[in-house]
Amino acid sequence: MSVLEIRDLHVSVKLPDGSRKPILAGVDLTVGAGQTHAIMGPNGSGKSTLAYSIAGHPKYQITGGQVLLDGADVLAMTVDERARAGLFLAMQYPVEVPGVSVANFLRTAKTAIDGEAPKLRTWGKELTGAMTRLGMDPAFAQRNVNEGFSGGEKKRHEIVQLELLKPKVAILDETDSGLDIDALRVVSEGVNRVREQGDTGVLLITHYTRILRYVKPDFVHVFVAGRIVEEGGPELAEKLEAEGYERYLSGAGGRA
Amino acid sequence: MTATLAHSHGNRTGTPPERFTSSDPDAFEVPTGREEEWRFTPLRRLRELFTPFEPTTRITGEVSAPEGVSWAIEPLSPAGVLAPADRVSALALQRAPQSFVLRVAAGARLDDPVLVTGVASPGIGYEHMVIEVGERAQATVVVDYRGSATIAENVEILVGDGGSLELVSVQGWDADAVHLSAHAARIGRDAHLRHMAVNLGGAVVRLSPTVHFGGPGGRADLIGVAFAGPGQHLETRLYIDHDQPDCSSDVLYKNALQGDDARTVWIGDVRIRPVATGTNTFELNRNLVLTDGARADSVPNLEIETGEIVGAGHASATGRFDDEQLFYLMARGIPEAEARKLVVRGFFAELLDKVPVPELHDRLVATIEKRLAEVAGGPA
Ligand SMILES: Nc1ncnc2c1ncn2[C@@H]1O[C@H](COP(=O)(O)OP(=O)(O)OP(=O)(O)O)[C@@H](O)[C@H]1O
Ligand SMILES: [Mg+2]
């Protein structure tokens, strides 16, 4: 049973000219095993920054606070160590990697995460199974990672990875954006299958309540100007949908 | 993230269509670096090749050949296929002390590949090699160079009518070697040549494969794999002269570069003469830049002198293995060194899969991965 604790996290983005721009201004959040937390907030409020910082993207600099996975200092780990420790980030904009086939990529990732190569006998089936369940033609296994994939196909591919890698904590950054109605259901079912295994904590970043009807959150957090400004249950999402972020923005000084 | 190099058909920056050739070394000026054919090459590292010298080393080695193959070391005996296109090649063709000649008998179908392992000890030398595949014969030949020397070389390749040759030329030199080599092939009627250049070692390697056809219906596949590390200069200047009707050529060269001043140059000249109706040709050069400080030059060039062709095209693309790709792979638990391996292995796979000898394939993959690890962890 795992827990991810984010404590008073401050993060700046490194700009090309070498200066820094503060984005996260003290984030506190605890994601327990089997829990689903939704984060909603206006564009530019720092949601992806939070996700990338936890995953260890080099563009972001941690200026204060802690991130602990089962007590271990995540911020001291390299990107790959974090993934092997059990963190997973489904990216808002998955990256194209020319020259590397999906099949090769997934097998290498699985081997790295598990510490041993998957059994040849069962792996092929597991892979095609996961792809088929997410509505991805198994022929995609021979294509290069995300290269020429449509936006929706990239998102499905992220959730295929989620299912195969079975992380302790999964951060899904706008996985629902750009999906058609059927794909949204298929992807949500994928997330739910992982949740039903009972142990994975999910941090789901979204702009829309539609996905929250499929993937029921235990908690909803409102994220504005680099921090969480309100927390509640699923009903908070409905309220945001109706009212928008107006009242938080005036209070927070309207950074976004 | 792929950047496509700018080039155009009309506004030529490459080599003129009619190549100047001569067997007289003095017909070529000593290069200054301003000449089109030398402007990419680091001349100061090969000055000693521009004037005649007394050889102090030669490539020696072993030949393993199945039945149907004969070989000999003969007094210098040019086969008439190669017409020197630069001073170094002309000097080597004039002054090589001997010729290594490998012949595959007409009609022979070899059970095993011919393996030629050449080792050079330090020194400077001229080399000449002839590979002759008889009519309707089928052969695979691997020429595998190692060691440390400065070598000016000419290789003449003859594929008889209806014959087929798969030639793999491995430049597996030590880090300080300098190797300039002109490969000239004549492909007979309905004959096929697959020429594969693997450039891994050496300080400066400049390989100039040229192809022309001895009759209609010939096919040339030219493929190349190069990995340039810090300070290494690997250059390919190829020229395919479609001088017969109904021939085809297909070119695919891939270079990966890593480290400060790693450099690859690829010049791909294809000429379709008026007589060469029914020609089908395509050439592609792809470069993968793994770190800052490395540079890939790519100049494809197509001269089409008849409208009656099946197809003609060229493309060139230089891509960069960037931090976002690295992050994505690492975010899936893959360590950095492994991530680079994955990308480079994937990049070369379609070419290395064509290496006809499994042990050689494995050795090349291992060598590339070792080279890759040399600067991994260093500044990216
Ligand atoms: N290189 C950069 N230069 C300047 N500002 C940057 C840079 N990178 C990120 N930012 C800024 O950081 C802020 C937070 O961005 P982030 O992507 O975390 O927002 P978000 O909440 O995920 O938004 P969205 O809902 O649109 O995905 C934005 O204002 C963004 O412009
Ligand atoms: Mg975002």
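Before reading further, recall that the structure is shown in the block above.
Criteria and cut-off values
Residues numbered from 1 in each chain as written. Chains lettered and ligands numbered in written order. Predicted model: local features only at pLDDT ≥ 70, side-chain atom pairs only at ≥ 80, totals over all residues. Heavy atoms only, no water. Donors = N, O, S within 2.8 Å, 3.2 Å for Na, K, Ca; no water. Helix = DSSP H or I, 4+ residues; strand = E, 2+ residues; numbered from the N terminus. Buried < 20%, exposed > 50% of the residue type's maximum accessible area, 1.4 Å probe, protein only. Expected span 1.5 Å × (residues − 1). Contact = heavy atoms within 4.5 Å. Polar contact = N/O pair within 3.5 Å; in protein donor to acceptor, adjacent residues only side chain to side chain. Buried area = accessible area lost by both parts, 1.4 Å probe. Salt bridge = Lys/Arg side-chain N within 4 Å of Asp/Glu carboxyl O. Nonpolar A, V, L, I, M, F, W, Y, C, P; charged D, E, K, R; others polar. Near = heavy atom within 4 Å. Areas by Shrake-Rupley, 256 points an atom, 1.4 Å probe, with all protein chains shown as cover. Pairing = 2+ DSSP bridges. Core = buried A, V, L, I, M, F, W, Y, C linked by side-chain atoms within 4.5 Å. Axes fitted to C-alpha atoms, helices over the stretch in contact; angles between N-to-C directions. Parallel < 35°, antiparallel > 145°, perpendicular 65-115°, else oblique. Left-handed = near helix turned anticlockwise from the far one by under 90°.

Draft legend 1. Representation of the coordination of the magnesium ion (ligand 2). All names here are of chain A. For the magnesium ion (ligand 2), the full set of protein donor atoms is Ser 48 (OG) and Gln 92 (OE1), and the range of their distances to it is 2.0 to 2.2 Å. Remark: Gln 92 occurs in the loop between β6 (87–90) and β7 (97–101) and Ser 48 occurs in helix α1 (residues 47–55); sequence separation between them is 44 residues. By relative accessible area, which is 14% here, Gln 92 ends up buried.

Draft legend 2. Helix α6 (residues 181–196) of chain A, seen in detail. Residues and elements named next belong to chain A. If you check α6, its first and last C-alpha atoms are 22 Å apart, about what 16 residues at 1.5 Å a residue would give, namely 22 Å. Contacts made by the buried residues of α6 are with β3 (36–40), α4 (120–133), α5 (151–165), β9 (169–173), β10 (201–205) and α7 (210–214). A side-chain oxygen of the first residue of α6 lies 3.0 Å from the backbone nitrogen of Asp 182; this N-cap is Asp 180. Directly after α6, the chain includes Gly 198, whose backbone phi takes a positive value near 100 degrees.

Draft legend 3. Representation of the interface of chain A and chain B in the model. Counting residues at the interface gives 32 residues for chain A, matched by 17 residues for chain B. Taken over both partners, the interface formed by chain A and chain B buries close to 2000 Å², and the fraction arising from carbon and sulfur atoms is 70%. Considering only the surface of chain A that becomes buried against chain B, A:Asp80, A:Val95 and A:Phe105 emerge as the three largest contributors, covering 22% of it. Inspection of the chain A/chain B interface yields one salt bridge. The salt bridge involving A:Glu158 is made with B:Arg332; its shortest N-O contact spans 2.7 Å. Counting across the interface, chain A meets chain B through eight residue pairs in polar contact (both at pLDDT 80 or more). Only α1, α2 (79–85), β6, β7, α3 (102–114) and α5 of chain A provide two or more residues apiece to the side of chain A that touches chain B. Counting residues per element, the side of chain A that touches chain B draws most heavily on α3(A), which supplies six residues. Residues belonging to the side of chain A that touches chain B are distributed by class as follows: 20 nonpolar, eight polar and four charged.

Draft legend 4. Region of the structure containing the site of ligand 1. All names here are of chain A. Around ligand 1, 16 residues are found, and the nearest of them are Gly 44, Lys 47, Ser 48, Thr 49 and His 207. The backbone of Ser 45 places a nitrogen or oxygen atom 3.2 Å from an oxygen atom of ligand 1. The contact in question runs from an oxygen atom of ligand 1 to an N or O atom on the side chain of Lys 47, over 2.7 Å. Burial of ligand 1 by the protein chains amounts to 70% of its free accessible area of 640 Å². Those elements that provide at least two residues to the shell around ligand 1 are β2 (20–32) and α1. Residues of the shell around ligand 1, tallied by class, amount to four nonpolar, eight polar and four charged.

Draft legend 5. How the structure looks around the side chain of A:Ser45. On the secondary structure map, A:Ser45 appears in the loop between β3 and α1. Within the structure, A:Ser45 has its side chain in polar contact with the backbone oxygen of A:Pro42 (distance 2.7 Å).

Draft legend 6. A look at the sheet that holds strand β1 (residues 3–14) of chain A. All names here are of chain A. Spatially, four strands are ordered β2-β1-β4-β5 in an open sheet, and the strand pairing comes out antiparallel. Sheet topology places β2 and β5 (72–73) at the edges, where each strand pairs with a single neighbour. Here two bridges tie strand β4 (residues 60–69) to β5, and the two strands are oriented antiparallel to one another. What sits directly across from Leu 69, in β5, is Ala 72.

Draft legend 7. The arrangement of the nonpolar core in detail. Counting 119 residues, the largest nonpolar core has A:Ile6, A:Leu50, A:Leu172, B:Leu329, B:Phe348 and B:Leu352 as the members making the most contacts within it. In terms of residue count, helix α3 (residues 336–352) of chain B provides more of this core than any other element does, eight residues in total. The contacts of B:Phe348, once residues within four sequence positions are left out, are B:Val225, B:Ala226, B:Phe227, B:Lys254, B:Asn255, B:Ala256 and B:Ile368. Listed in part, the 56 residues of the second largest apolar core include B:Ala228, B:Ile240, B:Cys247 and B:Ile272.

Draft legend 8. Spotlight on the pattern of salt bridges. Inspection of every chain in the model, using the stated rule, returns 35 salt bridges over all chains. Ionic pairing is found between B:Glu305 and B:Arg271, a salt bridge with its closest N-O pair at 2.8 Å. Here the residue B:Glu305 occupies a position in the loop between β18 (295–304) and β19 (311–320), and B:Arg271 occupies one in strand β16 (residues 263–272), the gap between them amounting to 34 residues. On the basis of relative accessible area, B:Arg271 is assigned to the buried category, the value being 8%. A salt bridge links B:Glu336 to B:Arg340, with the nearest nitrogen and oxygen atoms 3.5 Å apart. A residue pair is termed a helical-turn pair when its members lie 3 or 4 positions apart in one helix, as B:Glu336 and B:Arg340 do in helix α3 at four residues. A relative accessible area of 31% means that B:Glu336 is categorised as partly exposed. Taking relative accessible area as the criterion, B:Arg340 reaches 5% and is therefore assigned buried. The network of salt bridges with common partners includes A:Glu230, A:Lys239, A:Glu243 and A:Arg247.

Draft legend 9. The arrangement of the side chain of A:Lys110 in detail. Residue and element names in this part refer to chain A. Looking at the secondary structure, you find Lys 110 in helix α3. Within the structure, Lys 110 has its side chain in polar contact with the backbone oxygen of Leu 164 (distance 2.8 Å). The residues contacting Lys 110, other than those within four sequence positions of it, are Glu 116, Pro 118, Trp 123, Glu 126, Leu 164 and Leu 165.

Draft legend 10. Spatial organisation of the packing of α4(A) against α5(A). Residues and elements named next belong to chain A. Two numbers describe how α4 lies on α5: the axes approach to 9 Å, and their chain directions differ by 140 degrees. Compared by their axis directions, α4 and α5 come out oblique. Here α4 runs over α5; the crossing is right-handed. From α4, Trp 123, Glu 126, Leu 127, Ala 130, Met 131 and Arg 133 reach across to α5, where they touch Val 160, Glu 163 and Leu 164.

Draft legend 11. Up close: the sheet that holds strand β10 (residues 178–187) of chain B. Residue and element names in this part refer to chain B. The nine strands lie next to each other as β3-β4-β6-β8-β10-β12-β14-β16-β18, forming an open sheet whose pairing is mixed. Of all the strands in the sheet, just β3 (69–75) and β18 have a single pairing partner and so form its edges. Along the sheet, successive strands turn relative to each other by an average axial angle of 10 degrees, direction set aside. The pairing of strand β14 (residues 233–242) with β16 spans ten bridges and is parallel. Paired with Ile 240 across the strands is Val 270, a residue of β16. Taken strand by strand, helix α1 (residues 87–95) contacts β6 (124–133), β8 (150–159) and β10, and its axis lies near 80 degrees from that of β8.

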